[in-house]
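Results of the structural survey
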Amino acid sequence: MSGAFTVSVRDLSRRAGSVRDVHLTIPAPDDLGSEVLRIEPGSPLDLDLTLHAVSDGILVTGPVSGKLVGECARCLDPIEDSLTVELGELYYHPDVRDRLVADGDEDAKEAPVVEGDDLDVETEVRDAVVLDLPFTPLCEPNCPGLCPVCGIHLRDAEEGHSHDVIDPRWAKLEGLDLGDGTARDGE
Ligand SMILES: [Zn+2]
Ligand SMILES: [Zn+2]
């Protein structure tokens, strides 16, 4: 196993209480996020992790950070931002997980395991990043969006920007002689 998200734990003692820091910088994969907001593909993704040996396995904690790109859901302006999420995941020793599963622990079935001298943290990093991304990314919290009539960015528009749009029901009445003008002329 030698994916980009592989963290070696070879130097970490199995003795509970052992701690080691690992710093990884890897090129972000293409699909870390959604079409509207994602880690910029190929940009450096920083993993600043601390590995803690515990009796059941290895606890991995620490920040994962990268560069976000996307577009505002209201005005379609490009968004550039940074993202930092905290990883916190226990990787079981395989024998420990097998025992938990045998004991009926349903959650343990889904839990990640230490694979030999390695941890593959890709799934956990993906989950942490995707869960942290907003469904509706905005260029700024109060982005007013675009004018629905002319498409101008309302942030750049004059105060109270509006259009004299005649309601189609009133437009029909325009040009109709409503009747009371001619009678008065005759007085
Ligand atoms: Zn916007
Ligand atoms: Zn307008």
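Our subject in this report is the structure included herewith. None of the values given here were measured: they were computed from a predicted structure.

All right, on to the coordination of the zinc ion (ligand 2) then. Coordination of the zinc ion (ligand 2) by the protein involves Cys-147 (SG), Cys-150 (SG), His-161 (NE2) and His-163 (NE2), with metal-donor separations of 2.0 to 2.3 Å. Because the angles between the four donor atoms bound to the zinc ion (ligand 2) fall within 104 to 114 degrees, the donor set is best described as tetrahedral. Mapping the donors of the zinc ion (ligand 2) onto the primary sequence gives the spacing C-x2-C-x10-H-x1-H. Of the two residues, Cys-150 sits in the loop between helix H3 (122-132) and helix H4 (168-171) while His-161 sits in the loop between H3 and H4, which places them eleven residues apart along the sequence. Using a relative accessible area of 42% as the deciding quantity, one classes Cys-150 as partly exposed. What makes His-161 buried here is its relative accessible area of 19%.

A word on the coordination of the zinc ion (ligand 1). Surrounding the zinc ion (ligand 1) are the protein donor atoms Cys-72 (SG), Cys-75 (SG), Cys-139 (SG) and Cys-143 (SG), at 2.2 to 2.3 Å. Metal-centred angles of 105 to 113 degrees between the four donor atoms at the zinc ion (ligand 1) mark the site as tetrahedral. Accessibility expressed as a relative area gives 2% for Cys-143, which makes it buried.

Grouped together as the largest cluster of nonpolar side chains are 35 residues, with contacts concentrated most on Leu-45, Leu-47, Leu-51, Leu-119 and Val-125. Contributing elements (two or more residues each) for this core: strand S2 (19-27), strand S3 (37-39), strand S4 (44-54), strand S5 (57-71), strand S6 (78-92) and H3. Apart from the residues within four sequence positions on either side, Leu-51 is in contact with Val-7, Ser-8, Val-9, Leu-12, Ser-18, Val-19, Arg-20, Val-22, Ile-58, Leu-59, Val-60 and Leu-119. Judged by nonpolar contacts, the second largest core, of six residues, contains Val-96, Ala-108, Ala-111 and Val-113.

Conventions used here
- Each chain carries its own residue numbering, running from 1 in the direction its sequence is written.
- Chains and ligands are labelled by the order in which they are written, letters from A for the one and numbers from 1 for the other.
- Only residues with pLDDT of at least 70 are given local features in this predicted model, and only at 80 or more are side-chain atom pairs given and counted; all residues enter the totals for whole chains, interfaces and linings.
- With hydrogens and water set aside, each side-chain value is computed from the structure's full complement of heavy atoms.
- Metal coordination here is assigned from N, O and S atoms located within 2.8 Å of the ion, or within 3.2 Å for Na, K and Ca; omission of water means that sites may look incomplete.
- Key to geometry: four donors with every angle between 85 and 135 degrees are tetrahedral; four donors are square planar and six octahedral where opposite donors lie over 155 degrees apart and all remaining angles lie between 65 and 115; all other sites are irregular.
- The helix count covers DSSP runs of H or I at least four residues long, the strand count covers runs of E at least two residues long, and both are numbered beginning at the N terminus.
- Partly exposed residues are those whose accessible area sits between 20% and 50% of the maximum for their type, while under 20% is buried and over 50% is exposed, using a 1.4 Å probe and protein chains only.
- To form a nonpolar core, buried Ala, Val, Leu, Ile, Met, Phe, Trp, Tyr and Cys residues must be joined to one another through side-chain atoms within 4.5 Å.
- Contacts are assigned to residue pairs with any non-hydrogen atoms lying within 4.5 Å of each other.

None of this, on its own, says anything about what the molecule does.
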